[in-house]
Amino acid sequence: MTMWVFGYGSLLWNPGFPVARREVAVLHGYARSFCMTSIHHRGSEEKPGLVLALDAVEDAHCKGIALAVESGHEEQTLAELRERELISSAYLERDLAVELGDGSSVTAVTYVIDPHHVQYCGGLSLEEQAQIIAHAVGGRGPNTEYLYNTAEHLAEIGLHDSDLDWLAGRVREITA
């Protein structure tokens, strides 16, 4: 049985595991947003950054990529994903149904935000998000790099996200 992972942020451009197949997919009931502070990867405890998370929103949907893990790498992939994504317990690991482009559905390991976690920051305006992202740096580099890479990779696969596109333009203005 194929192990699938749903990518909507950095997993689009940096999955960190061997991928056998990529399929455009839709996850219903969640919205992609910068609703999680980052104190490890894209910010610090002194100056938190922001990373994308899936926030449960009725009638919402998120377009991303379903990544099929190369056979024989499932156990290692899950262990590495947990180390990467569950570093501060702000994400919850869920097995959720995602709809592929052909209308079929697969169950994918998906990381969603815990709205009760201290790092949850849903409801920030786009301008507030831009100001934070423009100035934060963490263990994996500048917060700007995370934003730009995600927006560019979504555009490359034809999944434009108007909020991310606006944020990328605004952050470029701030940092110019």
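Notes on the structure in this doc start here. (Residues numbered from 1 in each chain as written. Predicted model: local features only at pLDDT ≥ 70, side-chain atom pairs only at ≥ 80, totals over all residues. Heavy atoms only, no water.)

1. Focus on the packing of helix α2 (residues 126-135) against helix α4 (residues 162-175)
Phase 1: Where α2 contacts α4, the axes come no closer than 9 Å and their chain directions differ by 55°. Our classification of the angle between α2 and α4 gives oblique. The hand of the α2/α4 crossing is right-handed. Of α4, the residues touching α2 (which contributes L126, E127, Q129, A130, Q131, I133, A134 and H135) are D163, W166, L167, R170, V171, I174 and T175. (Axes fitted to C-alpha atoms, helices over the stretch in contact; angles between N-to-C directions. Helix = DSSP H or I, 4+ residues; strand = E, 2+ residues; numbered from the N terminus. Parallel < 35°, antiparallel > 145°, perpendicular 65-115°, else oblique. Left-handed = near helix turned anticlockwise from the far one by under 90°. Contact = heavy atoms within 4.5 Å.)

2. Some details on the environment of L96
Phase 1: Mapping L96 onto the fold places it in strand β4 (residues 91-100).
Phase 2: Linking L96 and G29, residues 67 residues apart in sequence, is a C-alpha distance of 10 Å.
Phase 3: Beyond its immediate chain neighbours, meaning those up to four positions away, L96 contacts L27, Y30, V106, T107, A108, T110 and V112.

3. Some remarks on the nonpolar core
Phase 1: By size, the foremost hydrophobic cluster in this structure holds 51 residues, and its most contacted members are V5, F6, Y8, F34, L54, V98 and L147.
Phase 2: Of all elements in the fold, only β1 (4-7), β2 (19-38), β3 (49-69), β4, β5 (105-113), α2, α3 (143-156) and α4 reach the threshold of two or more residues within this core.
Phase 3: When residues in this core are grouped by element, the largest group, 11 residues, is from β3.
Phase 4: Each residue touching L54, except ones within four places of it in the same chain, is listed here: F6, Y8, L27, Y30, A31, R32, C62, T110, Y111, V112 and I113. (Core = buried A, V, L, I, M, F, W, Y, C linked by side-chain atoms within 4.5 Å. Buried < 20%, exposed > 50% of the residue type's maximum accessible area, 1.4 Å probe, protein only.)

4. Notes on the side chain of Q129
Phase 1: Examined against the element boundaries, Q129 turns out to sit in helix α2.
Phase 2: Leaving out residues up to four positions away in the same chain, Q129 has contacts with F34, L50, L124 and L167.

5. Observations concerning the pairing of β4
Phase 1: Sheet topology note: the β2/β4 ladder contains 2 bridges and is antiparallel. Bridged to V26 within β4 is E99.
Phase 2: Of the pairings in the sheet, the one linking β4 to β5 comprises 9 bridges and is antiparallel in character. Of the residues in β5, the one forming a bridge with Y91 is I113.
Phase 3: In this structure, the hairpin formed by β4 and β5 is closed by a connection of 4 residues, where G103 is found at a positive phi of approximately 95°. (Pairing = 2+ DSSP bridges.)

6. Brief notes about the pairing of β3
Phase 1: Counting buried positions over the 21 residues of β3 gives 15, a clear majority of the element.
Phase 2: In this sheet, β3 lies alongside β1 in antiparallel orientation, the contact comprising 4 bridges. What sits directly across from F6, in β3, is A66.
Phase 3: Relative to β3, β2 runs antiparallel, the two being bridged by 16 bridges. Bridge pairing in β3 links L27 to C62.

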